[in-house]
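Structure assessment
Chain by chain, the residues:
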Amino acid sequence: MATAASAFAAQVLRGRWFMAYGSFLIMSAAGATYIFAIYSKDIKATLGYSQEQLNTVGFFKDVGANVGIHAGLVAEVTPPWVVLAVGAAMNLGGYLMLYLSVTGRVRPAPPLWLVCLYIAVGANSQAFANTGALVTCVKNFPESRGVMLGLLKGFVGLSGAIFTQLYLAFYGPGGGGDTRPLILLVGWLPAAVSVAFLGTIRIIRAPRSPAAARREYRAFCGFLYVSLALAAFLMVAIILQKRFLFTRAEYGVCAAVVLSMLLVPFAVVLREEAALFKKNTPEAQAAEDYTEPSTATVAATKPVPEPSPVTSKPTTAVGARLLAALRPPPRGENYTILQALVSVDMLLLFTATVFGVGGTLTAIDNMGQIGESLGYPPRSIATFVSLISIWNYLGRVAAGFASETLLARHRLPRPLILAAVILLTVPGHLLIAFGVPGSLYVASVAIGFCFGAAQPLILASVSELFGLKYYSTLYNFCGTASPVGSYILNVRVAGRMYDQEAARQGAVAAAAGKGVTCIGVRCYRESFLVITAVTVAAAVVTAALAWRTREFYAGDIYAKFKEGTSTSSGDAIGEDRVEVQPPKEQL
């Protein structure tokens, strides 16, 4: 009996489901950049910054959080635990130095550029956590990548609210006092969670039968129900905490409930591993299912490469070699990084992300000033931010599950679903542009939901169109599109037009004692009409991508990952796969 129990415990700890659970916890602690607004006022006060200097710190925080190509390149040549370890070190080092600077333990006070470097390094750890956990999960569950991406990105969306509850419990009540300890919490907690699962997050080759695939979907539904319950509790807690004055003990109870709900998914892990354990009672069979096959086995599943006609020639023109290197394989196969970056499909997807997601980021970043310009009270503005956070989560999980279902049952191209999501943001942008009374509540819900829904759709499309071998790098490349769009639409369009209108109103605003602040519908009308136009254009571009890929999505795009297919293991983990057929030319 003891032997069976120890064998089951070993299977759980080495299995794919515990790996997925560890990834969920890492993601739930990987959204520290979302709570910058809570402690930014203490950075400004203790370091004596102006608002412009504080905005500079915030900009470097956003750059660090979104630029992760180097994290992808590291993941291409190292196992996931190295990526997570690097991210944990960056998180602890960056935020710890920021904490020491803000609390005055570093003398003299560091210059602005050094503080920007600290927060950029700390925020950049988020890219390493995403790459180490999220990319590994996609490779371990290739047939359910949309669902997996929705869940993982959903937990990231909830992480800001989770951190807020922990901060209020540890340093409350009220959350209106010294927020500098929150910087220390942001520094050590995500690093500790990543370190705790260093040995868990890894590639696990496990071909699944159709029956196992059905059980897999049931397990994901179990994770979904728990995350929905957690989101509902967080939303209720946020509303109650804004209406009533909580005591320290009451904040502690809320935090305890949040932590308990994060442990509930482990029951799903035990249920799934128990079902597998019954089918694989011999220890040898269990070990075979959850360890990598031998080199001989992997080699046997690969076809023998045929001699290349290009390499048989003693001399070949450099141009011909370059063209051969750039010629893409069929969609769904493993593209090289260069082949993916120069492909028309990637250009369309990147452009759609820049202008489609960039518009929603502009609305989210300016929601406080939009509410102020339209005359909403501060309590309502705080509600907008909470609504965006919760609906951001709901959009991510809804898009992940719905797109997977539509793809499996109706062969609906994922880019087509993305085009519909981008188009759904247009009403939200128009409500902001025309300042319809009371409509900002609706706009915040629509924009938050669509911003969240776009994330798993974009990332799943990248993995499906360009393969999984270099997914770490390509995933992070697409991640840079959002800040590019935010800079173009937020800084160059919305920010400039806001300043022009504020300058026109400057004399009146200064006389009222408010400083140069823009008031009225005109502050954002022209900029959001521009954002609406480019959003529609982004939806058209995405629809063009859906048209180009319709034949690819009409087939079984996950056939190579199913049990009994000779190429399943290699593609599932991103190994080289030799092509014996000439690639089809793609326009």
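Residues numbered from 1 in each chain as written. Predicted model: local features only at pLDDT ≥ 70, side-chain atom pairs only at ≥ 80, totals over all residues. Heavy atoms only, no water.

1. A closer look at the overall build of the protein chain
Within the protein chain one finds 27 helices and zero strands. With 587 residues in all, the protein chain has 52% of them scored as buried. Considering only intrachain contacts with a sequence separation of at least 6, the fraction spanning at least 24 residues in the protein chain is 85%. Looking at the protein chain as shown, the accessible area adds up to about 25,100 Å², and 67% of this sits on carbon and sulfur atoms. (Helix = DSSP H or I, 4+ residues; strand = E, 2+ residues; numbered from the N terminus. Buried < 20%, exposed > 50% of the residue type's maximum accessible area, 1.4 Å probe, protein only. Contact = heavy atoms within 4.5 Å. Areas by Shrake-Rupley, 256 points an atom, 1.4 Å probe, with all protein chains shown as cover.)

2. Structural notes on the packing of aromatic side chains
For the coordinates displayed, the defined rule picks out 21 aromatic pairs. Here the aromatic rings of Phe 246 and Tyr 251 are separated by 5.4 Å at their centres, their planes lie at 40 degrees, and the arrangement is tilted. Look at Phe 246 and you get buried, because its relative accessible area is 14%. Ring plane angle 45 degrees and centroid distance 5.9 Å describe the contact between Tyr 471 and Tyr 475, whose orientation is recorded as tilted. With Tyr 471 and Tyr 475 both in helix H22 (residues 471-479), this residue pair falls four residues apart, about one helical turn. Taken together, Trp 17, Phe 24, Phe 141, Phe 155, Phe 220 and Phe 223 form an aromatic cluster joined through their ring pairs. Between Arg 16 and the ring centre of Trp 17, over which it is positioned, the NZ or CZ distance is 5.7 Å. (Phe/Tyr/Trp six-rings, centres within 6.5 Å; stacked < 30°, edge-to-face > 60°. Lys NZ or Arg CZ within 6 Å of the ring centre and 35° of its normal.)

3. Observations regarding the environment of Ile 519
Mapped onto the elements, Ile 519 comes out in the loop between helix H24 (506-511) and helix H25 (522-548). Given the relative accessible area of 39%, Ile 519 is considered partly exposed. With 145 residues separating them in the primary sequence, Ile 519 and Leu 374 have C-alpha atoms 6.7 Å apart. Beyond its immediate chain neighbours, meaning those up to four positions away, Ile 519 contacts Glu 372, Ser 373 and Gln 505.

4. Some details on the environment of Ala 340
Along the chain, Ala 340 turns up in helix H16 (residues 337-341). By relative accessible area, which is 0% here, Ala 340 ends up buried. Taking the C-alpha atoms as reference, Ala 340 lies 9.4 Å from Tyr 470; in sequence the two are 130 residues apart.

5. Looking at the nonpolar core
Ranked by internal contacts, the top residues of the largest apolar core, which has 122 residues, are Ile 43 and Tyr 471. At 15 residues, helix H8 (residues 145-171) tops the list of elements feeding residues into this core. Residues Ala 363, Leu 440, Ala 443 and Cys 523 belong to the second largest nonpolar core, which totals 20 residues. (Core = buried A, V, L, I, M, F, W, Y, C linked by side-chain atoms within 4.5 Å.)

6. Notes on the confidence of the model for the protein chain
Residues with a pLDDT of 70 or more make up 81% of the protein chain, whose mean pLDDT is 81. Across residues 564-587, confidence stays below pLDDT 50; counting only partners more than four residues off in sequence or on other chains, it has 53 contacts. (pLDDT = per-residue confidence, 0-100.)

7. Comments concerning the pattern of salt bridges
When charged atoms on two side chains of opposite charge get close, those side chains can pair. As enumerated under the stated definition, the model contains nine salt bridges in all. Between Arg 215 and Glu 272 there is a salt bridge, with its nearest N and O atoms 3.2 Å apart. With Arg 215 in helix H10 (residues 210-243) and Glu 272 in helix H12 (residues 265-279), this residue pair connects regions lying 57 residues apart in the sequence. Take Glu 272: its relative accessible area is 4%, and that puts it in the buried class. Between Arg 504 and Glu 501 there is a salt bridge whose closest N-O contact spans 2.6 Å. Placement of the pair is Arg 504 and Glu 501 together in helix H23 (residues 481-504), with a separation of three residues, close to one helical turn. Given a relative accessible area of 54%, Arg 504 falls into the exposed group. (Salt bridge = Lys/Arg side-chain N within 4 Å of Asp/Glu carboxyl O.)

8. Some points on the state of the cysteines
Counting across every chain of the model gives one disulfide. At a sulfur-sulfur separation of 2.0 Å, the disulfide partner of Cys 518 is Cys 523. In this structure, the disulfide formed by Cys 518 and Cys 523 twists by about -100 degrees around the S-S bond and is classed as left-handed. Looking at Cys 523, the relative accessible area reads 2%, which means it is buried. (Disulfide = S-S within 2.5 Å.)

9. Some thoughts on helix H7 (residues 112-140)
Note that an α-helix has 3.6 residues per turn; residues three or four places apart therefore point the same way. For H7, spanning 29 residues, the distance from its first C-alpha to its last is 43 Å, which sits close to the expected 42 Å at 1.5 Å a residue. Counting buried positions along H7 yields 25 of 29 residues, so the element is predominantly enclosed. (Expected span 1.5 Å × (residues − 1).)

10. Points about helix H20 (residues 414-434)
For H20, spanning 21 residues, the distance from its first C-alpha to its last is 32 Å, which sits close to the expected 30 Å at 1.5 Å a residue. With its phi angle positive at about 55 degrees, Gly 435 sits one or two positions after the end of H20.

11. Overview of the packing of helix H17 (residues 344-365) against H25
In contact at an axis separation of 8 Å, H17 and H25 are set at 150 degrees when each is read in the N-to-C sense. Judged by the angle between their axes, H17 and H25 are roughly antiparallel. You can see that H17 and H25 cross each other, and the crossing is left-handed. Of H25, the residues touching H17 (which contributes Val 344, Asp 345, Leu 348, Leu 349, Ala 352, Phe 355, Gly 356, Gly 359, Thr 362 and Ala 363) are Phe 528, Ile 531, Val 534, Thr 535, Ala 538, Val 541, Thr 542, Leu 545 and Arg 548. (Axes fitted to C-alpha atoms, helices over the stretch in contact; angles between N-to-C directions. Parallel < 35°, antiparallel > 145°, perpendicular 65-115°, else oblique. Left-handed = near helix turned anticlockwise from the far one by under 90°.)

12. Remarks on the packing of H17 against H22
Between two packed helices, what matters for the description is the angle formed by their axes and the separation of those axes. At their nearest, the axes of H17 and H22 sit 9 Å apart, and the two run at 40 degrees to each other. With respect to H22, the axis of H17 lies oblique. Contact residues: H17 offers Met 346, Leu 349, Phe 350 and Thr 353, while H22 offers Leu 474, Phe 477 and Cys 478. Split by residue class, the contact of H17 with H22 holds six nonpolar, one polar and no charged. (Nonpolar A, V, L, I, M, F, W, Y, C, P; charged D, E, K, R; others polar.)

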